[in-house]
Amino acid sequence: MPGQSDPNPQLSAISKTVADPAAALHVYPTVTDGTVTAECADGIALLRLHSLSGASVINISANSATSVTADCSALAPGIYFMTVVRADGTQSVVKIIRK
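If you're wondering where the values come from, they're calculated on a predicted model, not measured in any experiment.

Draft legend 1. Just the overall build of the protein, in detail. Across its full length, the protein carries 0 helices and 7 strands. Its helices and strands taken in sequence order, the protein reads β-β-β-β-β-β-β from the N to the C terminus. Nonlocal contacts in the protein, meaning residues at least 24 apart in sequence, comprise 45% of its contacts between residues at least 6 apart. On the protein, roughly 5,900 Å² of surface is accessible, and the fraction owed to carbon and sulfur atoms is 54%.

And the structure:
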């Protein structure tokens, strides 16, 4: 019906950046063939990348850095999950697609 919004909207594109304003966390790009950067003004203690099977493929100890970059170029194409552990111990998980 004209004038009504679609109750089941379709996504037209994959977001290339994830931002969590409550945690001041930005991860970009989320679709990559190279590097992925995580930024957090409160500091990042640890960055981990896991495969879908749960295997840890990248671990970076960041010592409260505000920006951490992970080189994903050697990883096989597929879906990975990045866990960002902030300096205060809170965590966020972001899906990363390796082209």
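Draft legend 2. Focus on the nonpolar core. Within the largest apolar cluster, 19 residues are counted, with the highest numbers of intra-cluster contacts made by V27, A38, I44, L49, M82 and I96. Of all the secondary-structure elements, those providing two or more residues to this core are strand 2 (25-28), strand 4 (35-51), strand 5 (56-71), strand 6 (78-86) and strand 7 (91-98). Take this core: its biggest share by element is 6 residues, from strand 4.

Draft legend 3. Fine view of unusual backbone geometry. In this structure, the amide linkage connecting Y28 to the following residue, P29, adopts the cis form with an omega of -20°. Along the chain, P29 turns up in the loop between strand 2 and strand 3 (31-32). Positive phi, normally seen in glycine, also occurs at N63, with a value near 50°. The topology assignment puts N63 in strand 5. The phi dihedral of S64 falls on the positive side, at around 65°, and the residue is not glycine. Assessed through its relative accessible area of 43%, S64 is described here as partly exposed.

About the cut-offs
Residues numbered from 1 in each chain as written. Predicted model: local features only at pLDDT ≥ 70, side-chain atom pairs only at ≥ 80, totals over all residues. Heavy atoms only, no water. Helix = DSSP H or I, 4+ residues; strand = E, 2+ residues; numbered from the N terminus. Contact = heavy atoms within 4.5 Å. Areas by Shrake-Rupley, 256 points an atom, 1.4 Å probe, with all protein chains shown as cover. Core = buried A, V, L, I, M, F, W, Y, C linked by side-chain atoms within 4.5 Å. Buried < 20%, exposed > 50% of the residue type's maximum accessible area, 1.4 Å probe, protein only.

Honestly, that's just the spatial picture; any functional story needs more than this.
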